[in-house]
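Structural overview
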Amino acid sequence: MALENGRFIIENYNQDSVFSSFLPGISGVKGIPIWCFYVNRGQAVVSFGTETKDHSIMEFYPAHQSYQMVKTLGFRSFIKIDGVYYEPFTDDQHKTKMSIGMDDLEIEETNENLGLKVNVKYYTLPEEKLGGLVRELTLTNLKSQNRKIELLDGMPAVIPYGIELRSLKETGQTMKAWMQVEDSDTHLPYYRVKISTTDSAEVSLVNRGNYYFSVGPDQELLPMIVDPSLIFCHDTSYQKPVGFLEESLEMLLLRKQVTRNNIPSGFSAFQGEILSHSSMKITSVSGMAESKEILKGFADKARDDGYFSDKKEENDALTKNLTQVIESTTGNPLFDEYAKQTYLDNMIRGGCPVKIGDKVIHIFSRKHGDIERDYNYFKLSPEYYSQGNGNFRDVNQNRRNDVRFHPFIKDTNIKAFYNLIQIDGYNPLSVQATSYRLNAEEDTLSLVSGEGREAVMEFFNEPFSPGQLLRFIEEEKITLKVTSSEFLAHSIERAQEIQNAEFGEGYWTDHFVYNLDQIEAYLSVYPEMVEQLLFEDRSYTYYESKANVLPRHKRYVETPQGIRQYHALDKTEKKSVQHTKLRTRSGSGEVYTSSLMTKLMVILANKFTALDMDGRGIEMEAGKPGWYDALNGLPGLFGSSVADSCELLRLMKFMAIAMDKYEREILMPVEVHDLISGVNEVMKTYAGKEETRFWVWDQLNNLKETYREKVLFGIDGHEAQLSTKGFAVDFGLWIKYLSEGIDEAVRENNGI
């Protein structure tokens, strides 16, 4: 791999080891993102769509199938030049090149015998009301005479909007009955299902649609063939374009197209001449539009000369600006580009922090689902200020350095992730998009003109995202006395922030460890804020868990293979609980808030009482291991994690330093105080050499199980004080116990 003008270059990529990658899918603050995956085979792009895999435009396939099918079901170009047929990027004998940029992908093939060079460039459309994948096809005539050309370029299969991936995979033949293409005669085909595909008496119309159109060399909309049978005829494998080979393009375009009850295609047609030593370009766009009106407005703009070149520059500038914070100039240009690419990849997993009014929101994020990690269900919200989903660990990891690059976020990430910690020390798996709730007061409504006030009041009755608010203003044509961006900032400043999350499928042992990284990063930028951060800010809340860890007598089961630990969680007992924040009076009182040090005490007590029988590792008591999911069987075998107990020891030492420096009284729920007091007594007894580590394990579990039963639906609401000075001696016994356990594990294994 070489570097050329800031781009990674792979010569003859078709013959290199296979790999897959993706375009970042960042379309700007006021743009609609598109996801797109590619491989180093054929014309590269293997699938793309909007929002999730359920909204594929080019069908989503896992990596191994993508490598097999890209030359058939990916983008195709069928060319007749002076009557000679040629399909580029299929014959590995020709010289090829792949150029990978941060925000685009370019492939090129040179056919010396035919005197033709074919170049394809992909990038996503920024800052528009609809999302789109742009594909620029450039043909260069390498000969000294003018040449006649007939061309079909596009996709053998375009999935109409409204077909979920599972339905496509499992009942694809049945789904064809819903498929249709509209307006192909206007050269702006609109792909959508006729009505919703649910097997229900209640059906609904579908307004959104996928689209595909092409702009020719003279800025004209090119004719489209949406019926693949015209092109491939009897070759249902789509290997050869039999119809195009047997007939002229002019005759093919006269044939009647079937536009319903089949999986349609998207091929643009062009016939003309390429001058000697000259090039011609066809630019195609495919994506999703909220309505035909939006699509038509966009198509009118897209025909303007220079539109796509301006959009490409805008797209490049967008990515450059996002990675500017890590831009460096060293003696190794490859390293410089790698640093930017790595930053970008990590940013789109954690999100890019931006300020709206006085609040921080992370945009451009999504879970790391791709064709190699096909198990992950990613989401890119198709709206302005697009947010996505992510797992707690992944999002947390990738935001750890936010405050160093963007000091304005201050303790935003600390609040976000510690507020998701539950009173049992665990946390929900899935971190969802942030939303807001606003009671529309007069100062907000005063910014709305006339009849729009009532509609705005009704809109604010439900939680909303920034993108939803801006779309509402556009679609309802609300007249404002300020700009829409100013109205958004005004509304967000006055709104209550909602950090949405979902339980998911279990509790991992390692999730708590990344939270301390957030604290350390913050204090590396704001070292003077230690006391205020840990002790004085009492606004931290606790996520209300929807599943609770069962006691040992319910987790431990006898099997033919011996005693195992199964059925770790109860997901039904709290099914009726609707609130998402821990409350007093066993769930019927007020939302409970505390200091960050209290929150650390909650984590400490829960994790310390989860130490294994040897006091070496944290038990996998909740049905999941640490970050390495391939070890899913370990919890059943009573597995524990020394790596996570090392992280717990790191947390304990951090707390010890803070408590030694600041003599404070820590207020905490009485239930937590009782748990800590119980652990103190156990540690004192063990320190007196009166009991074994197995006894410690049993006693700690008894304390933990009693505690969990007390706080199952909430806390009492009464608080007790813990003196940092008074706790110091007892806490030293905790640290000594865990340190000795870790040391024993290291010695037993002759080091780490």
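Just above, that's the structure.
In short, a report on the structure. (Residues numbered from 1 in each chain as written. Predicted model: local features only at pLDDT ≥ 70, side-chain atom pairs only at ≥ 80, totals over all residues. Heavy atoms only, no water.)

Some remarks on a nonpolar patch on the surface
On the surface, Trp627, Tyr628, Leu631, Leu634 and Leu637 cluster together to form a nonpolar patch covering roughly 520 Å² of accessible area. Counting through the fold element by element, leucine 634 comes out in the loop between strand S29 (618-619) and strand S30 (640-641). (Patch = residues over 30% accessible without salt bridge, like charges linked within 9 Å, V, L, I, M, F, W, Y side chains within 5 Å. Areas by Shrake-Rupley, 256 points an atom, 1.4 Å probe, with all protein chains shown as cover. Salt bridge = Lys/Arg side-chain N within 4 Å of Asp/Glu carboxyl O. Helix = DSSP H or I, 4+ residues; strand = E, 2+ residues; numbered from the N terminus.)

Looking at unusual backbone geometry
Not every positive phi belongs to a glycine, and histidine 277 is a case in point at roughly 50 degrees. Secondary-structure assignment places histidine 277 in the loop between strand S18 (266-274) and strand S19 (279-289). Note on histidine 277: relative accessible area 56%, which makes it exposed. Even without being glycine, serine 586 reaches a positive phi, approximately 55 degrees. When you line up the elements, serine 586 lands in the loop between strand S28 (569-570) and helix H20 (596-608). Exposure remark for serine 586: the relative accessible area of 47% places this residue in the partly exposed category. (Buried < 20%, exposed > 50% of the residue type's maximum accessible area, 1.4 Å probe, protein only.)

Describing the packing of helix H15 (residues 466-475) against helix H16 (residues 484-494)
One can describe the packing of H15 onto H16 by two numbers: an axis separation of 10 Å at closest approach and a directional angle of 135 degrees. Between H15 and H16, the angle falls in the class oblique. Crossing of H15 against H16: the hand is right-handed. Of the residues in H16, those touching H15 at Pro466, Leu469, Leu470 and Ile473 are Ser484, Phe487, Leu488, Ser491 and Ile492. Classifying every residue of the contact of H15 with H16 by side-chain character gives seven nonpolar, two polar and no charged. (Axes fitted to C-alpha atoms, helices over the stretch in contact; angles between N-to-C directions. Parallel < 35°, antiparallel > 145°, perpendicular 65-115°, else oblique. Left-handed = near helix turned anticlockwise from the far one by under 90°. Contact = heavy atoms within 4.5 Å. Nonpolar A, V, L, I, M, F, W, Y, C, P; charged D, E, K, R; others polar.)

Topic: the sheet that holds strand S2 (residues 7-11)
Judged by pairing direction, the sheet is antiparallel, and its ten strands sit side by side in the order S1-S2-S9-S10-S11-S12-S19-S16-S15-S14 without closing on themselves. The open sheet has two free edges, formed respectively by strand S1 (2-4) and strand S14 (179-182), since each of these has just one partner strand. Each neighbouring strand pair of the sheet contributes to a mean axis angle of 20 degrees, computed without reference to strand direction. In the sheet, strand S12 (residues 131-141) pairs with S19 via ten bridges, with the strands oriented antiparallel. When the sheet's bridge partners are listed, leucine 133 is paired in S19 with serine 286. (Pairing = 2+ DSSP bridges.)

Quick look at the pattern of salt bridges
All told, the structure shown has 54 salt bridges when counted by the stated rule. Ionic pairing is found between arginine 453 and glutamate 442, a salt bridge with its closest N-O pair at 3.4 Å. Residue arginine 453 is located in helix H14 (residues 452-459), and its partner glutamate 442 is located in helix H13 (residues 442-445); the two are separated by eleven residues in the primary sequence. In this structure arginine 453 comes out as partly exposed when scored by relative accessible area, which is 29%. A salt bridge links glutamate 544 to lysine 574, with the shortest nitrogen-to-oxygen separation between them at 2.4 Å. Here glutamate 544, found in the loop between helix H18 (530-536) and strand S25 (548-549), pairs with lysine 574, found in the loop between S28 and H20; they are 30 residues apart in sequence, far enough to count as distant. No difference in accessibility class separates glutamate 544 from lysine 574, as the two residues are buried.

Some thoughts on the side chain of asparagine 427
Checked against the element boundaries, asparagine 427 lands in the loop between helix H12 (412-418) and strand S23 (430-437). There is a polar contact of 3.1 Å between the side chain of asparagine 427 and the side chain of histidine 511. Ignoring sequence-local partners within four residues, the contact set of asparagine 427 consists of Phe392, Leu420, Ile421, Gln422, Tyr507 and His511. (Polar contact = N/O pair within 3.5 Å; in protein donor to acceptor, adjacent residues only side chain to side chain.)

Regarding the side chain of serine 284
Here serine 284 is to be found in strand S19. Exposure remark for serine 284: the relative accessible area of 2% places this residue in the buried category. Within polar-contact distance, the side chain of serine 284 engages the side chain of serine 214 at 2.6 Å.

A look at the pairing of strand S16 (residues 209-215)
Burial of S16 is extensive: seven of the seven residues sit out of reach of the surface. The alternating pattern of S16 places Gly209, Tyr211, Phe213 and Val215 and Asn210, Tyr212 and Ser214 on opposite faces, both of which are buried. In the sheet, strand S15 (residues 190-193) pairs with S16 via two bridges, with the strands oriented antiparallel. Paired with tyrosine 190 across the two strands is tyrosine 211, which belongs to S16. Inspection of the sheet shows S16 paired to S19 by seven bridges, in the antiparallel sense.

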